[in-house]
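# Working through the structure, step by step
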Amino acid sequence: MFTFIILFCVERLKSQRSMASVYHILQGKRAAQTIQDANLYQLTDVFSIYSKLRRSQFDQVMNQLLQSGWIALDLDKHVYVTEEGKKYLTDHQGCFQIQYFNGATYAKIFELFVKRFSLTIQTYSNVVMHRRTFVPIIEDDATQQWVKRHYQIDQNDLKAYLVDLHESTKAFLQTIDRRSAQLFVDRLTGYQQVGLSVQQLAKKNNVSEHDIQMMLTLTYHRFLQYIEDRRPQSLLRFIDDELSLVNQHFMTNSAEKTYQLIRTGLTIDDVMAVRKLKRSTIEDHIVELAYALPNLNIETYISEVDFNKIAEVVRMNDNRKLSLIKSHLNDEFNYFQIRLVLARYQIKLN
Amino acid sequence: MENLENSLERYFSYKTFRTGQKEIISDIMAGQHVLATLPTGAGKSICYQLPALLVKGGVIVVTPLLSLMEDQVKQMKQRGYSHITSLNTFNTEQERLTIIRNLHKYKLIFLSPEMLQNQNVLKKLMLIDISLFVIDEAHCISQWGHEFRPDYLKLNNVIVDLKYPTILALTATATPDVQKDVISQLASVKFKKHIYPMDRDNIALYVKQVDHHHEKDRFIIAVLERYNVPTMIYFSSKKETERVASIINQRFDQLNVAYYHGDLDTSDRLLIQQQFMENQLDVICCTSAFGMGINKSDIRLIIHYHLPTQLESFIQEVGRAGRDQLESVSITLISPNDHQIPQRLIESELPSLESVEMLWSEIELLSQSKLTVKVDTNEWAQRYNFSEVHLRFIKNFLEAYGILKYNKYIVSHSSIHEAKIAIINKIKERSRYKKHKLNELLNWLATSGCRRQRLYAKFQSHISPAKYQCCDRCGFDLFQWQPKQSGYRQRINDYLSQLKSVMIPFNEDE
């Protein structure tokens, strides 16, 4: 599955990006360049789906793919999918259900949810059986505090809560395939039952450890989507204090600050003065805004006529490479304008 | 004040003390300095954890083992005890500063010996009321101890700076020589000794010589075919833990086996440990990284696939079996040339003479050019292939001879040459010493006498007779062993019933 995801990303990057950009997108680097790449090449759904991925592990996988001839590098060190790799992609289309990834939306909340959910089950399941000392599987202090706070409220009726939680989780698992459901449950730890490690799950399912990480993440993304749609109370509590994180715009913190100023009616020059930043930086922010906020009015920055001229060239050439587009337009427009159009054009396509 | 038993039950939910604990704690509470040797698994940590809850001031615990520190902090927090912290090189700079600033708020403070050399830490500690100063793994003080740590020698000064709090020096393995040395190194302290025997009368010792290491695999399979009991198999190579785990896994459908070594990530390590505790795993193939903080009383069988580097480690690892006092077995597998593995390990523990020579040439050159030269010692590590331990060893020497200052300046000094001769002699001496320790273990394997007598002879004068079987030399036949076997655990593979048993472990009708 991990191989498929990587090939999928590389294919979308249209041999215009290096291998590092694939890594940064999967790992979820919150840098302007990465967010822009994810936006531009429609990879927001896989953004940050593998934050634990180490660069050395990624390089190892990429080397294997290079060696097996499924991907290759062009002269600019840009990576592309070979014919053989494309065949793999077509053959496996639909196998891994990666359309359920919701990376950009759940990037900030996914791990938080998994930690709270797992530690709550371990804690309540043990305490309800009168076992008060156990080694918490989640060591993170904030999560432990969170579970403690909720335990204070639930302690008089743990059983009722567990029954509810079980009902809602079961209902969700019945909406997904059996294999994913089994994997999800194998990972859980409760009273006298310790979850399997990633290494053990990989062996049990006869896939790589990376595949297991991806399968688990995918299931948790589906779980989050399910919770948002159906809103079962026993599950909603794991995220309701942090829902703002879900609804947060997919942009860098700096762009968010610029947005707050622009909303009050400031121009680019005003923002430059207030934030003591260069013009190009503010322009980067506005491009980020154009992606993240489909309703943002960009006519202040580019007229409708100009927009259409650029959009026409983009339509004719299926290429996202700015310099090419710019020369096609005889250098009539600057990069900022072209990037704005690309941002909007993208949204229309979706 | 309530009596010690009541406090023990209140804070730790144990009804009675184990051998030695009460005597040691009573002496400490009376302000006596104590040197205690308690065998592994005898509950050493209670000896300072309980006093920490009872005394007025703070308790400092110096320990060389980072993982042990973390384990203890975790365990105490689990019990709901939060005034506890650890200060070591794993902390980030920011964490460290915050902890140091708030040091007075903690009752129990774990420190590495290196941290006590940090002047900020020491100054802050001097302002706090310290009731008890614990030196864990006290054998590290002695250069005859198996894990000599130079920084332990500086503890004497720290004790003086802290104006003589009550001292508790604890160790699991100390020969009479080491005990004497520990006492002489801390000359200003008058110790009362509590020495408890480390021999284990419920563990039968069995050594199996084979012709080739493939035969070890076969032997293990033969043993596991016969016995399904909680088993640990010790290796000195990470790769081998994985290989043998996979062989066992292929051979036995019903057995649950896993490997464990330092390269697994933390969350996987936690899961594997807990699976073993909960009897979800029957066999664990591990390096010595496993075991620290493991408190499982019914481990029946310890197999050494590879040898450790000395008797002390061997005794500790074997001692993890049968804490419930039931009949247990230790099997050691040896094939020709097996001594080479621990030998290589020993060699890698010390910096090579060539790399030390090269480093000294660099230092000599630097000190000729200027009086004070700024250096980055981490670069040395890269250039000369020093491990963290090597680097600490070398820096200690350079500092002791006044050549390295503040960890970053090389000061032109007349004793550079003298220091080189000294460090080279030291390396040779340590290396001889470690080889001697390894030989002790090899001699034990070759012994024709009773293995039990020979294993513990160095550590104690009286050795209890075996409670069950003794050893292969005394006629113990491994396959006559009849322990209570674990049942095979039914693995449910139906996610709905599994989900239910995790989330609703209770009977819903009640």
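Residues numbered from 1 in each chain as written. Chains lettered and ligands numbered in written order. Predicted model: local features only at pLDDT ≥ 70, side-chain atom pairs only at ≥ 80, totals over all residues.

Looking only at helices and strands, one finds 20 helices and two strands in chain A. Overall size of chain A, expressed as C-alpha extent along the three principal axes, is 75 × 55 × 30 Å. Considering chain A as a whole, with its 350 residues, one finds that 38% of them fall into the buried category. When contacts within chain A are restricted to residue pairs at least 6 apart in sequence, long-range pairs at least 24 apart make up 65% of them. (Helix = DSSP H or I, 4+ residues; strand = E, 2+ residues; numbered from the N terminus. Buried ≥ 20, exposed ≤ 12 C-beta atoms within 10 Å, placed from the backbone. Contact = placed C-beta atoms within 7 Å.)

Looking only at helices and strands, chain B features 20 helices and 16 strands. Relative to its length of 510 residues, chain B is compact, with a C-alpha radius of gyration of 25 Å against a globular reference of 24 Å. A separation of at least 24 residues holds for 75% of the contacts in chain B among residues at least 6 apart in sequence. (Rg over C-alpha atoms; globule rule 2.2 N^0.38 Å.)

So, about the pairing of strand β13 (residues 328–334) of chain B. All names here are of chain B. The buried fraction of β13 is high, at seven of seven residues. Going residue by residue along β13, you find Ser-328, Ser-330, Thr-332 and Ile-334 tucked away on one face and Val-329, Ile-331 and Leu-333 tucked away on the opposite face as well. Relative to β13, strand β8 (residues 203–209) is paired through seven bridges, and the arrangement is parallel. In the sheet register, Val-207 faces β13, and the bridge partner there is Thr-332. With four bridges joining them, strand β12 (residues 301–304) and β13 adopt parallel strand pairing. (Pairing = 2+ DSSP bridges.)

Quick look at the domain arrangement of chain B now. Assigned domains of chain B: these are domain 1 (4–195), domain 2 (203–342 + 438–501) and domain 3 (351–418). Using C-alpha coordinates to define each centre, domain 1 of chain B is positioned 32 Å away from domain 3 of chain B. (Domains from an automatic or database assignment.)

Let us now look at the domain arrangement of chain A. The domain architecture assigned to chain A consists of domain 1 (2–104), domain 2 (110–247) and domain 3 (253–349). Computed over C-alpha atoms, the centres of domain 2 of chain A and domain 3 of chain A are 41 Å apart.

Core analysis: the biggest nonpolar cluster contains 81 residues, and Ile-6, Cys-9, Val-10, Val-22, Ile-25 and Val-46 of chain A have the highest contact counts within it. Membership of the second largest hydrophobic core comes to 59 residues, among which are Val-147 of chain A together with Ile-302, Leu-307 and Leu-333 of chain B. (Core = buried A, V, L, I, M, F, W, Y, C linked by C-beta atoms within 7 Å.)

Residues and elements named next belong to chain B. Overall, parallel pairing links the seven strands, which are arranged β3-β4-β2-β5-β6-β1-β7 in an open sheet. Because the sheet does not close on itself, it has two edges, and the strands there are β3 (84–87) and β7 (191–195). Strand-to-strand, the axes of this sheet are offset by a mean angle of 15°, without reference to chain direction. Both strand β1 (residues 33–37) and β7 contribute to a ladder of five bridges, which runs parallel. Bridge pairing in β7 links His-33 to Phe-191. (Axes fitted to C-alpha atoms, helices over the stretch in contact; angles between N-to-C directions.)

Within helix α11 (residues 198–205) of chain A, burial applies to Val-198, Gln-200 and Leu-201 of chain A. Angular distribution of buried residues about the axis of α11 of chain A spans 160°; they occupy a single face of the element. Buried residues along α11 of chain A sit in contact with α10 (178–186) and α12 (209–230) of chain A together with β10 (257–260) and α12 (266–277) of chain B. Note on α11 of chain A: the residue one or two positions beyond its end, Asn-206 of chain A, has a positive phi of about 60°. (Arc of directions from axis to C-beta.)

With 13 residues, helix α4 (residues 55–67) of chain A ought to run about 18 Å at 1.5 Å a step, and its terminal C-alpha atoms sit 18 Å apart, in line with that. Trailing α4 of chain A by a residue or two, Gly-69 of chain A shows a phi angle of about 80°, which is positive. (Expected span 1.5 Å × (residues − 1).)

Time to look at the environment of Ile-424 of chain B. Residue and element names in this part refer to chain B. Mapped onto the elements of the fold, Ile-424 is located in helix α18 (residues 416–446). Separated by 51 residues in the primary sequence, Ile-424 and Val-373 have C-alpha atoms spaced 24 Å apart. In contact with Ile-424, other than residues within four places in its own chain, are Leu-353 and Val-356.

To continue, consider the interface of chain A and chain B. Each side of the interface is counted separately: chain A has 29 residues, and chain B has 23 residues. Counting residues per element, the side of chain A that touches chain B draws most heavily on helix α9 (residues 158–173) of chain A, which supplies eight residues. Across the side of chain A that touches chain B, the residue classes break down as 15 nonpolar, twelve polar and two charged. (Nonpolar A, V, L, I, M, F, W, Y, C, P; charged D, E, K, R; others polar.)

Residues and elements named next belong to chain B. With respect to the element layout, Leu-125 can be found in helix α6 (residues 119–127). The exposure class assigned to Leu-125 is buried, which follows from the 23 C-beta atoms found within 10 Å. For the pair formed by Leu-125 and Val-158, sequence separation is 33 residues and the distance between their alpha carbons is 9.9 Å. When sequence neighbours within four positions are dropped, the list of residues in contact with Leu-125 reads Leu-103, Ile-130 and Leu-162.

The subject of this paragraph is the sheet that holds β8 of chain B. Residue and element names in this part refer to chain B. Strand order in the open sheet made by the six strands is β8-β13-β12-β9-β11-β10, with parallel pairing throughout. Where the open sheet ends on each side, the last strands, each with one partner, are β8 and β10. On average, adjacent strands in this sheet sit at an angle of 15° to one another, irrespective of strand direction. One ladder, built from four bridges, connects β10 with strand β11 (residues 283–286); its direction is parallel.

The subject of this paragraph is the packing of α9 of chain A against helix α20 (residues 495–503) of chain B. One can describe the packing of α9 of chain A onto α20 of chain B by two numbers: an axis separation of 10 Å at closest approach and a directional angle of 155°. In terms of their interaxial angle, α9 of chain A and α20 of chain B are classed as roughly antiparallel. Like other packed secondary-structure pairs, α9 of chain A and α20 of chain B cross with a definite hand, here right-handed. Seen from α9 of chain A, the contacting residues are Leu-162, Leu-165, His-166, Thr-169, Lys-170 and Leu-173 of chain A; seen from α20 of chain B, they are Tyr-495, Leu-496, Leu-499, Lys-500 and Met-503 of chain B. Tallied by class, the residues present in the contact of α9 of chain A with α20 of chain B amount to seven nonpolar, two polar and two charged. (Parallel < 35°, antiparallel > 145°, perpendicular 65-115°, else oblique. Left-handed = near helix turned anticlockwise from the far one by under 90°.)

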